[in-house]
Amino acid sequence: DVPLSDITSVGTSEDSATVMSGLAENDILIYALAVSSGDIGASDSGLISAGWTHLLGSIYSDMIFLRVYYKKVTSSVDTSFPRYTSGFGKQIIMAFRSVEPDTIFDVTSTTSAGNYATYPDPPSITTANDNSIVIAVGGTRSVDITGGPSGYSNYTKQKAGSYSATAIAWQKITSAG
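Residues numbered from 1 in each chain as written. Predicted model: local features only at pLDDT ≥ 70, side-chain atom pairs only at ≥ 80, totals over all residues. Heavy atoms only, no water.

A. Examining the nonpolar core more closely. Residues Met20, Leu23, Leu29, Tyr31, Trp52, Phe81 and Ile93 are the most contacted members of the largest nonpolar core, which totals 18 residues. Secondary structure elements with two or more residues in this core: strand 2 (28-35), strand 4 (64-72) and strand 5 (89-97). Per-element tally for this core: the top contributor is strand 2, with four residues. If you look at the next biggest cluster of nonpolar residues, it comprises twelve residues, including Ile7, Ile30, Ile92 and Val99. (Core = buried A, V, L, I, M, F, W, Y, C linked by side-chain atoms within 4.5 Å. Buried < 20%, exposed > 50% of the residue type's maximum accessible area, 1.4 Å probe, protein only. Helix = DSSP H or I, 4+ residues; strand = E, 2+ residues; numbered from the N terminus.)

See the structure below:
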């Protein structure tokens, strides 16, 4: 196991192809995109060819498409990120360091749709191991996301005009359950 104190956020790239400073081999990248029109799907060729793996996503409440991909950084550290360029959505990429490399995700993802909140409000998540992090990803259509969920830190968001908004927040969990 990796001590929880070792897991850190390397940084965030907000709607940019620019790689955050200090990215290194074995960092874990989370890519989130909420769009109000034109779902990129689970097999977006630009992301898949760049080594990204689809984690979850579908159409959710009020015609918002939310997709989440992840990637483990290889020895040839990324110098750019795939960028969604339509005006109907914005992506966020967040990087984490010192994540257990053999069990990046050790629980089944949970989803919640239709809560019509202006902040990510994830359902309860039961962690399988001590010293975990929980990541909340949210997307809305036509309204801004005004804050992160209670107890989460490192909240960030991007808004695509009046079309959609994407947000990511995360928290450390010391004891499983």
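B. Geometry of the environment of threonine 140. In this structure, threonine 140 sits in strand 6 (residues 132-141). Owing to a relative accessible area of 10%, threonine 140 belongs among the buried residues under this scheme. Considering only alpha carbons, one finds threonine 140 and tyrosine 163, 23 residues apart in sequence, at a separation of 8.5 Å.

C. How the structure looks around the pairing of strand 4. Among the nine residues that make up strand 4, seven are buried, leaving the element largely enclosed by the rest of the structure. The pairing of strand 2 with strand 4 spans eight bridges and is antiparallel. Paired with alanine 34 across the bridge in strand 4 is leucine 66. (Pairing = 2+ DSSP bridges.)

D. Spotlight on the confidence of the model for the chain. Here the chain averages 79 in pLDDT, and 85% of its residues register 70 or above. Strand 7 (residues 153-160) is the least confidently modelled element of the chain, averaging 77 in pLDDT, while strand 2 averages 88, the highest of any element. (pLDDT = per-residue confidence, 0-100.)

E. Expanded view of unusual backbone geometry. Even without being a glycine, asparagine 26 presents a positive backbone phi close to 80 degrees. Along the chain, asparagine 26 falls in the loop between strand 1 (8-14) and strand 2. A relative accessible area of 39% means that asparagine 26 is categorised as partly exposed. Backbone geometry places serine 98, a non-glycine residue, at a positive phi of 70 degrees. Along the chain, serine 98 turns up in the loop between strand 5 and strand 6.

F. Highlighting the pattern of salt bridges. Following the criterion strictly, the structure yields two salt bridges and no others. With a closest N to O distance of 2.7 Å, aspartate 27 and arginine 97 form a salt bridge. You can see aspartate 27 sitting in the loop between strand 1 and strand 2 and its partner arginine 97 sitting in strand 5, a full 70 residues away along the chain. Owing to a relative accessible area of 2%, aspartate 27 belongs among the buried residues under this scheme. Residue arginine 97 is classed as partly exposed on the basis of its relative accessible area of 27%. Of the charged contacts in the structure, one is a salt bridge between aspartate 78 and lysine 71, with a shortest N-O distance of 2.6 Å. (Salt bridge = Lys/Arg side-chain N within 4 Å of Asp/Glu carboxyl O.)

G. Molecular detail of the side chain of serine 132. With respect to the helices and strands, the residue serine 132 is situated in strand 6. Of the residues examined, serine 132 reaches a relative accessible area of 7% and is grouped as buried. At 2.7 Å, the side chain of serine 132 forms a polar contact with the backbone oxygen of asparagine 129. (Polar contact = N/O pair within 3.5 Å; in protein donor to acceptor, adjacent residues only side chain to side chain.)

H. Structural view of the environment of leucine 47. Its place among the elements puts leucine 47 in helix 1 (residues 45-49). Filtering out sequence-adjacent residues up to four positions away, leucine 47 remains in contact with Tyr31, Ile40, Trp52, Tyr69 and Pro82. (Contact = heavy atoms within 4.5 Å.)

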